[in-house]
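Each chain, written out:
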Amino acid sequence: MTGIRSDDDVTALLSTPVDAEILSRLHRRLEQEAEQAELVDVAYTTIDSPLGKLLLAATPKGLVRVAYASEDHDRVLETLSRKLSPRILRVPKRLDVVARELDEYFAKHRRSFDVDLDLSLSRGFRQLVQTHLPEIGYGQTRSYRDMAELVGNPKAVRAVGTACATNPLPIVVPCHRVLRTDGTLGGYIGGREAKTALLNLEAAA
């Protein structure tokens, strides 16, 4: 009987390698059609950096997440789906400007970032602290106590530390420039090695 495949036929079909170029073209078409239909609430991509692969994600408001590989990118995407929207798609062109500015930063050609930010993954005091972090100049550092005083709550030193350690936009929002009051590194979402590398990069520029 024609038109009906046997189990062997189906197995052979499923095991047939799919050309990578065909998959790439299909994904580009999906990106284009989803963008045109305004179906993408969170666009993301990954880029290589001196600190390993970084995941970048943006909403229509702006850059919403920068994640180190140590955070597990799949887990980060699951969190974005849960907290922001399940309509997530890899759309590299939406992150082209961010990727370029990060490349310039790591090459010591850029000292601040000029991209729109979406701080909706933080709330309350944490968000308040994170809005003030870009005020710390390139190559400079401040203490948790300094930041607590800057946001008008001198007693909230520990809360400042938590706000910095949970910053969803590391590098771009420079929490690496904030140290403990005793001058030691303190927590960092990308780990101490990454924080040290960023401080050294800026100090050498």
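For the structure, see preceding data.
These notes cover the structure that comes with them.

Conventions adopted
- Residues numbered from 1 in each chain as written.
- Predicted model: local features only at pLDDT ≥ 70, side-chain atom pairs only at ≥ 80, totals over all residues.
- Heavy atoms only, no water.
- Helix = DSSP H or I, 4+ residues; strand = E, 2+ residues; numbered from the N terminus.
- Contact = heavy atoms within 4.5 Å.
- Areas by Shrake-Rupley, 256 points an atom, 1.4 Å probe, with all protein chains shown as cover.
- Buried < 20%, exposed > 50% of the residue type's maximum accessible area, 1.4 Å probe, protein only.
- Patch = residues over 30% accessible without salt bridge, like charges linked within 9 Å, V, L, I, M, F, W, Y side chains within 5 Å.
- Salt bridge = Lys/Arg side-chain N within 4 Å of Asp/Glu carboxyl O.
- Lys, Arg positive; Asp, Glu negative; His and termini not counted.
- Charge placed at Lys NZ, Arg CZ, Asp CG, Glu CD.
- Arc of directions from axis to C-beta.
- Polar contact = N/O pair within 3.5 Å; in protein donor to acceptor, adjacent residues only side chain to side chain.
- Pairing = 2+ DSSP bridges.
- Axes fitted to C-alpha atoms, helices over the stretch in contact; angles between N-to-C directions.
- Parallel < 35°, antiparallel > 145°, perpendicular 65-115°, else oblique.
- Nonpolar A, V, L, I, M, F, W, Y, C, P; charged D, E, K, R; others polar.

**Regarding the overall build of the protein chain**
Reasoning step 1: A count of helical and extended segments in the protein chain gives eight helices and six strands.
Reasoning step 2: A fraction of 61% describes how many contacts in the protein chain between residues 6 or more apart in sequence connect residues 24 or more apart.
Reasoning step 3: Accessible surface for the protein chain amounts to roughly 11700 Å². Of this, 50% is attributable to carbon and sulfur atoms.

**Re the side chain of Ser143**
Reasoning step 1: Among the secondary structure elements, Ser143 is positioned in strand 5 (residues 142-143).
Reasoning step 2: Note on Ser143: relative accessible area 13%, which makes it buried.
Reasoning step 3: Apart from the residues lying within four places of it in its own chain, the contact partners of Ser143 are Val178, Leu179, Arg180 and Thr181.

**Here we look at a positive patch on the surface**
Reasoning step 1: Residues Lys61, Arg82, Lys83, Arg123 and Arg126 make up a contiguous surface patch of positive charge.
Reasoning step 2: In this fold, Lys61 is placed in the loop between strand 2 (54-59) and strand 3 (62-68).

**Section: helix 7 (residues 157-165)**
Reasoning step 1: Buried within helix 7 are the following residues: Val157, Val160, Gly161, Ala163 and Cys164. An end-on view of helix 7 places all buried positions within 160 degrees of arc, on one side of the element.
Reasoning step 2: In this fold, the buried residues of helix 7 make contact with helix 5 (124-132), helix 6 (144-150) and strand 6 (178-179).

**Examining the side chain of Asn167**
Reasoning step 1: Among the secondary structure elements, Asn167 is positioned in the loop between helix 7 and strand 6.
Reasoning step 2: Owing to a relative accessible area of 1%, Asn167 belongs among the buried residues under this scheme.

**Digging into the environment of Arg65**
Reasoning step 1: Looking at the element boundaries, Arg65 is found in strand 3.
Reasoning step 2: Given the relative accessible area of 11%, Arg65 is considered buried.
Reasoning step 3: In the structure, Arg65 is positioned eleven residues away from Leu54 in sequence and 9.9 Å away in space, judged by C-alpha atoms.
Reasoning step 4: Residue contacts for Arg65: discarding those within four places in its chain leaves Leu55, Leu56, Ala57, Glu71, Val76, Leu80, Leu121, Pro168, Leu169 and Ile189.
Reasoning step 5: In terms of polar contacts, Arg65 uses its side chain to reach the side chain of Glu71, at 2.5 Å.
Reasoning step 6: Separated by 3.4 Å, the side chain of Arg65 and the backbone oxygen of Pro168 make a polar contact.

**Examining the sheet that holds strand 2**
Reasoning step 1: If you trace the four strands from one edge of the open sheet to the other, you get 3-2-1-4, paired in mixed fashion. Here the strands that pair on one side only, and so sit at the sheet edges, are strand 3 and strand 4 (88-90). Geometrically, the sheet is characterised by an average inter-axis angle of 25 degrees between neighbouring strands, direction not taken into account.
Reasoning step 2: Direction of pairing for strand 1 (residues 42-47) relative to strand 4: parallel, over a ladder of three bridges. Within strand 4, the position partnered with Tyr44 by the bridge is Arg90.
Reasoning step 3: On top of the sheet, helix 4 (residues 96-106) reaches strand 1, strand 2 and strand 3; it is set at about 140 degrees to strand 2, its chief contact.

**A few points about the packing of helix 5 against helix 7**
The angle between the axes and the distance between the axes are what describe a pair of packed helices.
Reasoning step 1: Two numbers describe how helix 5 lies on helix 7: the axes approach to 9 Å, and their chain directions differ by 75 degrees. It follows that helix 5 is roughly perpendicular to helix 7 by the angle criterion. Within the contact between the two elements, helix 5 uses Phe125, Arg126, Val129 and Gln130 and helix 7 uses Ala159, Val160, Thr162, Ala163 and Cys164.
Reasoning step 2: Taken together, the residues of the contact of helix 5 with helix 7 sort by class into six nonpolar, two polar and one charged.

By themselves, these figures tell us nothing about what the structure is for.
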